[in-house]
Every structure is written in structure tokens, then in C-alpha cells.
Amino acid sequence: MDVSLYFQKLKIFSFYSLIFILPLFFIPILNLNFNLQKQSFFTLFTLLFFIGWWAENIFLEKITLRKNKIFYTFLFLSIFFLIFSSLFSSSRSFSFLPSLQNILDNFLTLFFLFFFLFLVSAISFDKKTIFLVLFLFSLSFAILNFLLFVNILFKKNIFPAIFQPLEVSILSAIFLPFYSLLVFRAKGWLKIFFIFSLFLILFNLNLFNFKPAFLIIIFQLIFLVFFLVGKEKKEGFLLYFSLFLLLTLSFFLYFFPSFIFSDLPFYLSFPFLAQVDLVISTFKEGAKEILLGSGPGTFLFQFLNKKPLFLNQTIFWGTKLNEGFSFFFDSLITKGLLFSFSFLVLALLPCFYFLKRIFQKKESVEEIFLFSSFLGSLICVLFLPTNFLLIFIFFLFLGILFSLFSIPEDFIISKSKYFIFNILFIFFIFLFSFYIFIQGKILIGEFFYQKGFSFFQKGDIDKTIEYLQKATKINERSDLYFRDLSQAYFFKLLSLANKQDVRDVQILIFNSSEAIERAIKISPQNSSNWNLKGFIFRNLLDLPQAAQIALQSYQKASQVEPNSPFPYGEMGRVYILIAQKLEKEGKEEERRENLKVAKEKLKKAIELKSDYAPAFYLLAVASDQEGNLDEAISFLERAFSLNPESYIFNLHLGKLYWKKGKENLDKALLPFEKAISLNPNSIDAYFMKGVVFFQKGEKEKAILEFEKASKINPDEPRIKEIIEKLRKGESIDDILQIEENVAS
């Protein structure tokens, strides 16, 4: 038997395995990022695909490509501009290599997707192979929808292969029209299976009511009805009737959804206008940003730096996104106009070739259905958030269409060229191996990270630190791992704060500081790292220079994310804490100056986000410490109106009313009662209610409230003393110590 046939079988096996298994693939023992798992599977089987294709051509002493210079030109240009964008990136590490937060948008991943496109385009496709490709995808997504339905029905994650249901909806919508053809083409049990699958997918789509999925289905069905006229003789009227029925049903479900389950996952999509604003801001920066972008994988940094101000009045104000509205619009920001234009031309070329075949009347029914699914994937890539599987499907369809629409051309491999071909083969094998090695490190690191997180949820901080340390050793490129390790050290530090073990405390402070410094070194453009450093040191103000380090960290965070109110609010908090410390030291002038600066920072936070409740609360604290009680009440009432369910706001609003005088005692009771309803174990709220009742002259009620506080903390001697004095009819004014509103 010809050796080339063995490699041809390897090529075919790996190709069809990718199509059928990739949508369903997961590693059962690893509860990890499913996009990352699918990407690892893709890399391994694309390597097998490449080896089979390469060896087959070598043994046949010829290489078959497509006679299409336009396709290869824009394929080359897309890769070329991707390389340049990565070389001139603002963060080369994030741009070149994949990471947990950056699965898709990096040079290596995109390069191998383009390489996969090249390999697919070199295969010859006929009607049967096209039908088989669509059949395998449809079968895979039918199984996926069934597993998803079982998960929803039993409200348990029985099958962890299921990723976000709305992502499944989009991907299923791309293939839904093809199910109508499968219903007619299939026989026996397969016909029953696909009829069931068709209704199950429609049922799931109706459950989620994800409008873009229905719009994709409607667009594809209109396209099919228009271009199938006169093409399908065998099924004829029944096929058209089923397509019209699907179209009508899709329109109906789009406008009149029926919700059966009320606790379905919420879909968070980046606003289109915000994405346009980011693109415009990027294009204003200069020629480099316009042409090459900020670099693959840097959308988060661009989002933080250029986040539109109006987002502060939406749910996105505190969100940090690694991707935006769509792959294409993200590319305009991160990879620049040159790559985006080349990619867009490459994506739209099949449309031109398809119309050309329509006019030449060479298209088959299978090609029309394939092109319909391609258009669905193209819409997603251009106008919807994407995941790895969706991008894979897009590149697969793109490769198949270029193979269909281009004439094959054989190039003889002469003996003089064998050396060059072998060098290229070794280079690609090395590149694949390196890519698999990086993915392996990410997977193993994420395994340890998830273990650490599970121990954190159980309250085992030592085990949390142990596994986070392992995660950082395996994947030293993740700022998330080091940031969470820093927090873990700090939480352990808090648990040791009252044990007077100075050496252990010093070691934990050092470890926490070192971990956050590593996170900052990895990703200095991520404001989360600077904010955490500020948080750590503002809780260690007794240490020399701690206040200065905290303020510098929050200042750096405000530079990285200039439109975020958070770092300004935290700077205000630090200045208030410094003022409280200065008050104890008797430095009145410095105290007032710090309170003044604190209020300036807090007002800046409110200027950025007019409904930023924490800033209003801290302004109330600052005004109270300045002695301006009316202003403090005004600010805290504003904070309360923004978040009436806040325990802290209710407790401290009650304290301010109490401080206002006896005429406000009844007014103070209401927020204290609300605070108790929010936190039934609040000693402070019960204590303050007792104080209010005492000052109103209602001694029995006061004793009752103090007794409730004592039950929560029976080891507090002051409360017991108050109860004893009240029962004896003695005054308690000398032992009442009301804690001032604090900023920590």
C-alpha cells in the first residue's frame, strides 16, 4: 500500500475529529476554562492534520495549493500585519503568547488559526464532503443542545462540557437551517434524531430569547429561500415549506418570546457605542495606533485607559473587559487598520466568488447551505462577541469556501527543494511544540489556581496559599495569580494581627508586598494591581511610608484608568485615615489639610460617577470630622438614597441623627432598626438603640437592647456594666463611648 495513503488517512481523521469533537471536548477532571481546553485540542489535532498533509505531499512529490493569488496575498498580509502589530505592541508578552485572560487575541493563536485556514483551503471538497462537514457539526451541536437542556432542566452542571448557554445559542443558530435539509436527507432513526434536534434547538433558543441568535437564523433563512429557487428538485415544495415555517416561527419567537425558566444566566455584552468611542479614541492617538493598534491582547489596557465616561452610569462602570463588542471591532483597536482591512477583505472575498458562481449557475444545494452558515459565522465575527469555537468555525468555513471557489494547482517538489521543505517542516513542528508547551503550563497553572480558590471558599487560607504558590511557579506570566496570592497573604496577616507574633507578621507583609509587585511587573497597565497595592498599604498605615505608598499606588491606578471613580474614592479614604491618625497626635492644622484634600479627591470621584455612593459616604465622614454635622448628614442621606440596603450607611446615618440632638432621637431609630434587619448580629446597632432609648427616658427598652448586644458578645464588660447601672437606676453617661464614623 502506498505510504502516502496512511498520511492521507491521518489528515482526514484529524480534520473530521476537529469538526465533530471540538464543540463537545472537555477534560472531565478539570473544571477549567473550556475555551482554553478546546484551544489545546485544536492545537494537537491541527498538528496531526499538518503532519498528515505535509507527509502526503512529500511522498507524492507534489504539493497541491489553490490557484488564487488574491486569497494568498491577503492571507499573507493578515499574518504580516499581525506580526508587526505584535512587535510594536504596548505589551509584547500579552501580544505574542496566550494567557488565561487572553485565550484568543494573541499572535500564536491567531497565527495557527490562519495556518489552519491555509491547510483547509488545500483540501479538495465536493458535495459529499461538504454535506459530511455540515452533518458532523449539526450532530455535535444537537448533542450539545441536549446536554445543555439537561443542565437547565435539573438546574445542575451535570455536564461540565456546556459553556455559556447563549454562546451555544449563537453557534446552534448558525447551523439551524441545515437541520431542515438533514430532516429530508436522513433516513430511519437519523431522521427522527434530527427532527427531535431541530425542535430541541428551537426550544432552547426560545428559553434564552437571545435576539442576535434569532436575527442570524432569520437572515440565513431569507438567504436560503432566495437562492434555493429552482435548485432543489428532489424535496421541492416540502423543503421550501419547512424553511418558510422556520422563518415564520423565528419571527414569532423574536417578537413574542415565552420564558419558562426565570433563573437563566444574564448575558453581558459590551455596548456598541462604547466600542465606537474606543475606536475613535484610538485613531486620534497617531499613525502607529491607527495602522498597527496597541497590539493583540491589549484590549483590557485600552479599555481601562480610554473607557468612555458615560459607562460610569451603567453596569460597566467597574467592569474590566478583556474583549469588546466583536472580534473585528476589537481588531481595529488592538491590531490596527492594516490588519483589520486585510482580514475584512479575506472574510468578504468568498461573497464575491459565491455571487460569481451564482451567475455561472455552478452552485449546488450543499454549497448554498454551507455559504449560509458561513454568513452566520461572519456576522458573529463582525458584530458579536466571540469565543474560540466560533472563530474556529469561521476559519474552517472560510478555508472550505476558498477551496471550492478556486482551481487546484499542483507544484512539483524537486529534490533540490527537499532541504527547504524539511527546514520549514522542522520550524512548524517546533512552533507547534512550543505552543503546546505554553498551553500546558497555562492548563496546569489554572488547575492549581482553581484548587486554591476552592480552599479559599472553604476558609482554609494556608491551603489557598500553597496552591496559589504552585500556580505562580507553573505559570509565572499571570498577574491574576500573583495578585490573588498577595491577597491570600494579606488575609492571613489579618488573622494574625492580634497574636503579637511580630516575626510572622513581618514575613506575611513582605510576602504580600512581593507578590503584588510581581503582579505589577507582569502587567503595570492593569489598574487592579495598583488598587490592590493601595488597599494593602492603607490597611498598614502604622508602618513607615505606608500612607505614601498607598496614595502613590492609587494615583498610579488613576493614571492607568483615568475615568474610574474608584482610585479617587480610595485616595479620599486614605487622607481621612491619615487625618484620624493626626488627630490622635494633636496635629490639628495638618489634620484639617488632609480632610480638605480628601474631600477634593472624593468630589473628583463624584464628578466621574454622579451616583458613586461610597464617595458620598466618605464625604459625610470627612464633614463630620470637620465638625460640619449638617453637611455630613446631607452627604450621608445622598449615599443612603443611592443604596438604602447598605448596613454601614444605615448605622452611621443613625449615629449622625443621634449626634444632632434629642429632637432627632426618633429619627435615629429608623436607620438603626434597618441596620439590624440587614445585620441581625450587629452589636453597634443594638448598642445605639439602647443609647437612644436611654436618652429618651425609656429605661426598660434601653436595657432590652443592651441585653441583645450582650448576647451577641457576652465577653464585652462595658455593656454588662451599663446594664447593671441601668437596673440600679444609675447614670451611664460616664461609660458611654460612641465610636466615631470611620473610613476604613
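Here the residue index of a chain counts from 1 through its sequence in written order. For a predicted model such as this one, the threshold for reporting local features is a pLDDT of at least 70, and the threshold for listing and counting side-chain atom pairs is 80 or more; totals across whole chains, interfaces and linings nevertheless cover every residue. Each side-chain value is worked out from all heavy atoms of the structure, with water and hydrogens disregarded.

1. So, the overall build of the protein chain
Put simply, the rule reads: Going along the chain from the N terminus, every DSSP run of H or I of four or more residues is numbered as a helix, and every run of E of two or more is numbered as a strand. Think of it in three bands: residues with accessible area under 20% of the maximum for their type are buried, residues over 50% are exposed, and the middle band is partly exposed, with areas taken using a 1.4 Å probe on protein chains only. For accessible areas, the Shrake-Rupley method is used with a probe of radius 1.4 Å. Any residue's cover is judged against the shown protein chains and nothing else.
Looking only at helices and strands, the protein chain features 32 helices and 2 strands. Across the 744 residues in the protein chain, those meeting the buried criterion constitute 56%. Within the structure as shown, the protein chain displays about 33,000 Å² of accessible surface, and the carbon and sulfur contribution to it stands at 64%.

2. Some remarks on a nonpolar patch on the surface
The cut-off we apply is this: By definition, no residue in a patch forms a salt bridge, and every one has over 30% relative accessible area; like charges are joined within 9 Å, nonpolar side chains (Val, Leu, Ile, Met, Phe, Trp, Tyr) within 5 Å. Any Lys or Arg side-chain nitrogen found within 4 Å of a carboxyl oxygen on Asp or Glu counts as a salt bridge.
On the surface, a cluster of nonpolar side chains totalling about 530 Å² of accessible area is made up of Phe76, Phe80, Ile83, Phe84, Leu87 and Phe88. Mapped onto the fold, Phe88 is located in the loop between α3 (69–87) and α4 (92–96). Using a relative accessible area of 45% as the deciding quantity, one classes Phe88 as partly exposed.

3. Here's the deal with the pattern of salt bridges
Applying the stated rule across the entire model yields 32 salt bridges. Between Glu367 and Arg357 there is a salt bridge whose closest N-O contact spans 3.1 Å. Residue Glu367 is located in helix α16 (residues 365–383), and its partner Arg357 is located in helix α15 (residues 336–360); the two are separated by 10 residues in the primary sequence. Both residues of the pair, Glu367 and Arg357, belong to the buried class. A salt bridge links Lys463 to Glu466; the nearest nitrogen and oxygen atoms lie 3.5 Å apart. Residue Lys463 and its partner Glu466 are both found in helix α19 (residues 461–474); the two are separated by 3 residues, about one turn of the helix.

4. A few points about the packing of helix α31 (residues 699–712) against helix α32 (residues 717–727)
How we decide: Here an axis means a line fitted to C-alpha atoms, over the contact stretch when the element is a helix, while the angle between two N-to-C directions is reported on a 0 to 180 degree scale. What sets the label is the angle itself: under 35 degrees gives roughly parallel, over 145 gives roughly antiparallel, 65 to 115 gives roughly perpendicular, and the rest give oblique. Put simply, a crossing is left-handed when the front helix is turned counterclockwise from the back one by less than a right angle, and right-handed when it is turned clockwise. We call two residues in contact when some of their heavy atoms are within 4.5 Å. Asp, Glu, Lys and Arg are counted as charged, while Ala, Val, Leu, Ile, Met, Phe, Trp, Tyr, Cys and Pro are counted as nonpolar; the rest, among them Gly, fall into the polar class.
At a minimum axis separation of 9 Å, α31 and α32 run at an interaxial angle of 160°. Accordingly, the angle class assigned to the pair α31 and α32 is roughly antiparallel. In this structure, α31 crosses over α32, and the sense of that crossing is left-handed. Facing Lys699, Ala702, Ile703, Phe706, Glu707, Ala709 and Ser710 of α31, the residues of α32 in contact are Ile719, Lys720, Ile722, Ile723, Leu726 and Arg727. For the contact of α31 with α32, the residue count by class is 8 nonpolar, 1 polar and 4 charged.

5. Here's the deal with the nonpolar core
Applied cut-off: Remark: nonpolar core denotes a set of buried residues (Ala, Val, Leu, Ile, Met, Phe, Trp, Tyr, Cys) joined through side-chain atoms within 4.5 Å.
Counting 146 residues, the largest nonpolar core has Phe15, Phe137, Tyr179, Phe392 and Leu396 as its most contacted members. At 16 residues, the largest contribution of residues to this core is made by helix α17 (residues 388–405). Here Phe137 is in contact with Ile19, Pro23, Phe175, Phe392, Ile393, Leu396 and Phe397, once residues within four sequence places are set aside. Among the nonpolar cores identified, the runner-up in size contains 104 residues, and Trp530, Ala547, Leu551 and Ala620 belong to it.

6. A few points about the side chain of Asn529
Within the fold, Asn529 resides in helix α22 (residues 527–538). Beyond its immediate stretch of four places on either side in the chain, Asn529 contacts Asp479, Arg483, Ile516, Ala519, Ile520 and Ser523.

7. Considerations on unusual backbone geometry
At Glu61, a residue that is not glycine, the phi angle is positive and equals roughly 60°. As for its placement among the helices and strands, Glu61 is situated in the loop between α2 (34–60) and β1 (62–66). With relative accessibility at 45%, the residue Glu61 sits in the partly exposed group. The phi angle at Gln545 is positive, at roughly 70°, despite the residue not being glycine. You can see Gln545 is positioned in the loop between α22 and α23 (546–560).

8. Here we look at the packing of aromatic side chains
The test is simple: Each aromatic pair joins two rings of Phe, Tyr and Trp (for Trp, the six-membered one) with centres within 6.5 Å, and gets the label stacked for planes under 30 degrees apart, edge-to-face for over 60, and tilted for any other angle. Charge-over-ring placement is defined geometrically: NZ (Lys) or CZ (Arg) within 6 Å of the ring centre, and within 35 degrees of the ring normal.
Overall, the coordinates contain 77 aromatic pairs when judged by the stated rule. Measuring from centroid to centroid gives 5.7 Å for Phe223 and Phe371, while their planes differ by 40°, and the two rings are tilted. With Phe223 in helix α9 (residues 211–227) and Phe371 in helix α16, the pair connects residues that are 148 residues apart, well separated along the chain. Both residues of the pair, Phe223 and Phe371, count as buried. Above the plane of the ring of Phe327 lies Lys335, whose end atom (NZ or CZ) is 5.1 Å from the centre. One residue, Lys604, lies across the ring of Tyr568, its end atom 5.9 Å from the ring centre.

9. Observations regarding the environment of Phe693
In this structure, Phe693 sits in helix α30 (residues 683–695). Distance in space between the C-alpha atoms of Phe693 and Leu669 is 8.9 Å, their sequence separation being 24 residues. Beyond its immediate sequence surroundings of up to four residues, Phe693 is in contact with Leu669, Glu698, Lys701, Ala702 and Glu705.

10. Details of helix α24 (residues 566–584)
Put simply, the rule is: Multiplying 1.5 Å by the helix residue count minus one yields the expected span of that helix.
Between its first and last C-alpha, α24 extends 28 Å over 19 residues, near the 27 Å set by a 1.5 Å rise per residue. Counting buried positions along α24 yields 15 of 19 residues, so the element is predominantly enclosed. Gly586 sits one or two residues past α24 and shows a positive phi near 75°.

11. Some remarks on the pairing of β1
What counts here: Should DSSP find at least two bridges between two strands, the strands are regarded as paired.
For β1, the buried fraction is high: 4 of the 5 residues fall into the buried class. As paired strands, β1 and strand β2 (residues 408–412) are joined by 5 bridges and run antiparallel to one another. Bridging across to β2, Arg66 finds its partner in Pro408.

12. Topic: a negative patch on the surface
Using the following cut-off: We score Asp and Glu as negative and Lys and Arg as positive, and we do not count His or the chain ends. Where a charge sits is defined by one atom per residue type, namely NZ (Lys), CZ (Arg), CG (Asp) or CD (Glu).
Where like charges cluster on the molecular surface, the negative patch consists of Glu589, Glu590, Glu593 and Glu600. Relative to the helices and strands, Glu590 resides in helix α25 (residues 588–608).

13. Quick notes on the side chain of Lys11
Residue position: Lys11 is located in helix α1 (residues 3–21). When sequence neighbours within four positions are dropped, the list of residues in contact with Lys11 reads Phe49, Gly52, Trp53 and Glu56.

14. Side note on α15
We apply this condition: A residue's bend is the angle separating two fitted axes: one through the seven residues that end there, the other through the seven that start there.
For α15, spanning 25 residues, the distance from its first C-alpha to its last is 37 Å, which sits close to the expected 36 Å at 1.5 Å a residue. At Leu348, α15 shows its maximal bend, which comes to roughly 30°, and the proline Pro350 appears one to four places after that position. Lys361 lies just past α15 and shows a positive phi near 55°.

15. As for the environment of Phe283
Within the fold, Phe283 resides in helix α11 (residues 272–283). Between the C-alpha atom of Phe283 and that of Ile333, which follows or precedes it by 50 residues, the distance is 8.2 Å. Those residues within four positions of Phe283 in sequence are excluded, and the remaining contacts are Ile290, Leu332 and Leu337.

16. Quick notes on the confidence of the model for the protein chain
Detailed reading of the predicted model is not advised wherever pLDDT is low. The cut-off we apply is this: For every residue, the pLDDT score states the predictor's confidence, bounded by 0 at the bottom and 100 at the top.
Looking at the protein chain, pLDDT values average 85 and 90% of them are 70 or higher. Low pLDDT (under 50) marks residues 259–268, which in the prediction has 20 contacts with non-local residues, meaning those over four places away or in another chain.

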